[in-house]
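# Inside the fold
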Amino acid sequence: MADPYANNVYHQGGDDNGYGYQANYPPHEEDTASDATEGHDEEDQLYEGEYQGIPHPDEVKAAQRATRADLELSEQYEDIIEDCGHGRFQWTLFTVLGLALMADGVECFVVAFVLPSAEKDLCLSNAEKGMLGLMVFLSMMVGAFLWGGLADKVGRRRCLIVALAINCIFAFLSSFAQGYGFFLFFRLLSGIGIGGTVPIVYSYFSEFLQVDKRGEHLSWLCMFWMIGGIYASFTAWGIIPRYGWGFSMGTEFQFHSWRVFVLVAALPAIASLVGLTFMPESPRFLLENAKHDEAWMILKQVHDTNWRAKGQPEKVFTVTHIKAPKTAEDEFIEIQAATGTAVQRWAVRSLTLCKLVLRNVASLLSAELRFATLFMAIIWFCMAFSYYGLSVWFPDMIKHLQHEEYESKVKVFHRERVENFHFNFSLENQIHKEGEYIHDKFVSIEMKSVQFEDSLFEDCLFEDIRSTDTVFENCTIRSTVFHNTDLLEEKFIDCRMENTSFEHSKHGCHLDTVEDNDVLIYLVSFLGSLAVLPGNIISALYMEKIGRVKIIGGSMLISAGCTFFLFLSFSQSAIIALQCLFCGISVAAWNGIEVVTVELYPASKRATAFGVLNALCKLAAVLGSSIFSSFVGITKAIPILLSFAALVCGGLVALRLPDTREKILQ
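My aim in this report is to walk through the structure given alongside it, one point at a time. (Residues numbered from 1 in each chain as written. Predicted model: local features only at pLDDT ≥ 70, side-chain atom pairs only at ≥ 80, totals over all residues. Heavy atoms only, no water.)

Okay, the overall build of the protein next. Scanning the protein from terminus to terminus reveals 20 helices and 19 strands. Across the 666 residues that make up the protein, the buried fraction comes to 52%. In the protein, 67% of the contacts between residues at least 6 apart in sequence involve partners at least 24 apart. For the protein, the computed accessible surface area is about 30200 Å², with 59% contributed by carbon and sulfur atoms. (Helix = DSSP H or I, 4+ residues; strand = E, 2+ residues; numbered from the N terminus. Buried < 20%, exposed > 50% of the residue type's maximum accessible area, 1.4 Å probe, protein only. Contact = heavy atoms within 4.5 Å. Areas by Shrake-Rupley, 256 points an atom, 1.4 Å probe, with all protein chains shown as cover.)

Right under this line is the structure:
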């Protein structure tokens, strides 16, 4: 059978029709005099092993170059990456891509942190708050599918730059949006942008790593997601409660502290975007798309950067030829500039690109990839369903316990009669039943969680009142004036009004100037993110020693066992401790899942597969968070049993995966 690569060999230099670099990069290192060796006569130098029968290093390199010509692209590329070494270039790229991953972690927390303030600033109903939280994951799901598919056809670096730029632009605009519609729209587009980071980052970075360092360093990269959670929690804690950190322009434009936090949350994405402008495209992607000259130049840049940093600038990049796969079927349709209008040419190219992306997605179910895709889909879904479901359930349970404790301290006043009294102190967590209030004044006070039932108000004055969760039920109100209050009609349920007037009522929503955010929400998220650190370190150190499959399966099964401790979550501190335990164990499974996903798929489908699976992950997150939150305050058994079943199912399937520790990226 003929060699399919026989006519696709890339030669460094020689004839005028090749990809020549003879002028700048001679093919033999002995013809190149570096700054360190310039002026020395090589014939006068004696090789120490010459009389011991040890081959000269130049002879070894010549043999390696000859061997490379007979290797497949994947093996040859791995050989080249090993020659380039692991050093400054990879660590620089590690930092830049880590910031992008950090931005993804921040995005998952932004809306949850700003909602307590934004719901008052933007007058959000419960349905609108739910839609805003849901839209974060749905937009990231679309972004993962879109950018993952495009990254295999357009390029990892280019797609990541565009995705981060979209995130930065619309995150910035969302901080200034004054209405719910615009805020939702901008956060939707921001989520679509940031959704592409996870599929692209892992695919991009893995193609610069040699096989023996891939698992460990991809696991270290996962740590940036944790850092994103810590960064979001810490900055939200420090900024949002500071209501003075803002400004207003009349009554139409308000810029409160939570909007400052939205801007600060975009800083990791901005930093990564700037860093990416100095990073090259993945040479493996370029080779898959027959861009040999660019790939050669980038590989030489990686080689020279690493060896110069190690104090060996004299080492010469010895690659003279690189095989490339046939890519004719994936070539874009090119249209002459004179053919049709610019819009028509753009439409044809875009349609062709969409077809190629969808064809790539369909190929994930081909005979050779069908079982890998099915197994990974089950593992991703089960892990995300339980992880994100419990991530919502933990803080919701804490809020429920807080609410129960608050209600247990309610003060009940029965049949009290108050006449000619001036209420100049705030009322909180009280129930007044069958009371009578005659000639009383309620001036410049706050009513929080106050309920009046079957009560009489006669000749009373309510002035400059600010209320929260305050209602009047089945009350009789006579000859009473409400001046400059937010006690509107919806707060009077089945009440009888006689000669009562409302003057200069406060319409709309108003952000309290006092601290209205419970710092516990920031503390819980901070501790949950910090608890990931031990699991991240352990999984990174043992990823190569234990293996990805055992780490995924073992972590998921141990996490499943931990869920039964949730039956003991009778206090806030117990829930926080169990959340930290669960997050610390489950992160090892996440690290293994992401490493295996990179290694199971060939370069031409790697980002596409990662994007599809990450989109499935976001869908599972939506289902898990919705289902688990609906049982808060009703029962613990169903969320615990659901998470247990999902983790056991995913863990058992993971143990059926092939071991990819020594596998060369295809």
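Positive phi values are uncommon outside glycine, yet Glu434 reaches one of about 55°. Unusually for a residue other than glycine, Ser449 sits at a positive phi of about 55°. Positionally, Ser449 belongs in strand E11 (residues 446–453).

Mapped onto the elements of the fold, Leu263 is located in helix H9 (residues 257–265). For Leu263, a relative accessible area of 26% gives the class partly exposed. Put simply, Leu263 and Leu173 are 90 residues apart on the chain and 9.1 Å apart in space, counted from C-alpha to C-alpha. If sequence neighbours within four positions are ignored, Leu263 has contacts with Phe172, Ser175, Phe176 and Phe255.

Turning our attention to the sheet that holds strand E6 (residues 417–419). Spatially, 5 strands are ordered E6-E9-E12-E15-E18 in an open sheet, and the strand pairing comes out parallel. Each edge of the open sheet is held by one strand with a lone partner, namely E6 and strand E18 (496–498). Pairwise comparison of adjacent strand axes, ignoring direction, gives a mean angle of 5° for this sheet. Here 3 bridges tie E6 to strand E9 (residues 436–438), and the two strands are oriented parallel to one another. Bridge pairing in E9 places Val418 opposite Tyr437. (Pairing = 2+ DSSP bridges. Axes fitted to C-alpha atoms, helices over the stretch in contact; angles between N-to-C directions.)

Here we take up the pattern of salt bridges. Tallied over the full model, the rule gives 15 salt bridges. For the salt bridge of Arg548 with Glu599, the shortest nitrogen-to-oxygen distance reads 2.7 Å. One end of the pair, Arg548, is in helix H17 (residues 548–562); the other, Glu599, is in helix H18 (residues 572–600), with 51 residues separating them in the sequence. The exposure class assigned to Arg548 is buried, which follows from its relative accessible area of 0%. A single network of salt bridges, built from pairs that share partners, joins Asp152, Arg156, Glu207 and Arg606. (Salt bridge = Lys/Arg side-chain N within 4 Å of Asp/Glu carboxyl O.)

Our focus in this paragraph is the packing of helix H4 (residues 126–151) against helix H6 (residues 180–194). Direction vectors running N to C along H4 and H6 enclose 30°, while the axes themselves pass 6 Å from each other. In terms of orientation, H4 and H6 fall into the roughly parallel class. For the pair H4 and H6, the sense of crossing is right-handed. In this structure, H4 uses Glu128, Met131, Leu132, Met135, Ser139, Met140, Val142, Gly143, Leu146 and Trp147 to contact H6, whose residues at the interface are Tyr180, Phe183, Leu184, Arg187, Leu188, Gly191, Ile192, Gly193 and Ile194. A class-by-class count of the residues in the contact of H4 with H6 yields 13 nonpolar, 4 polar and 2 charged. (Parallel < 35°, antiparallel > 145°, perpendicular 65-115°, else oblique. Left-handed = near helix turned anticlockwise from the far one by under 90°. Nonpolar A, V, L, I, M, F, W, Y, C, P; charged D, E, K, R; others polar.)

The pairing of strand E10 (residues 441–443) with strand E13 (residues 461–468) spans 3 bridges and is parallel. Its bridge partner lying in E13, Phe442 is registered against Phe462. With 3 bridges joining them, E11 and E13 adopt parallel strand pairing. Residue pairing for E13: Glu446 is matched across the bridge by Arg466.

Right, let's talk about the packing of aromatic side chains for a bit. Per the counting criterion, the structure on display carries 46 aromatic pairs. When the ring of Phe492 is compared with that of Phe502, the centres are 5.8 Å apart and the planes differ by 75°; the resulting orientation is edge-to-face. Highlighted residues: Phe492 in strand E17 (residues 492–493) and Phe502 in strand E19 (residues 501–503), separated in sequence by 10 residues. Judged by its relative accessible area of 36%, Phe502 is partly exposed. Seen from the ring of Tyr77, Arg284 lies directly overhead, with NZ or CZ sitting 5.5 Å from the centre. Just above the ring of Trp307 sits the side chain of Lys315; from NZ or CZ to the centre is 4.7 Å. (Phe/Tyr/Trp six-rings, centres within 6.5 Å; stacked < 30°, edge-to-face > 60°. Lys NZ or Arg CZ within 6 Å of the ring centre and 35° of its normal.)

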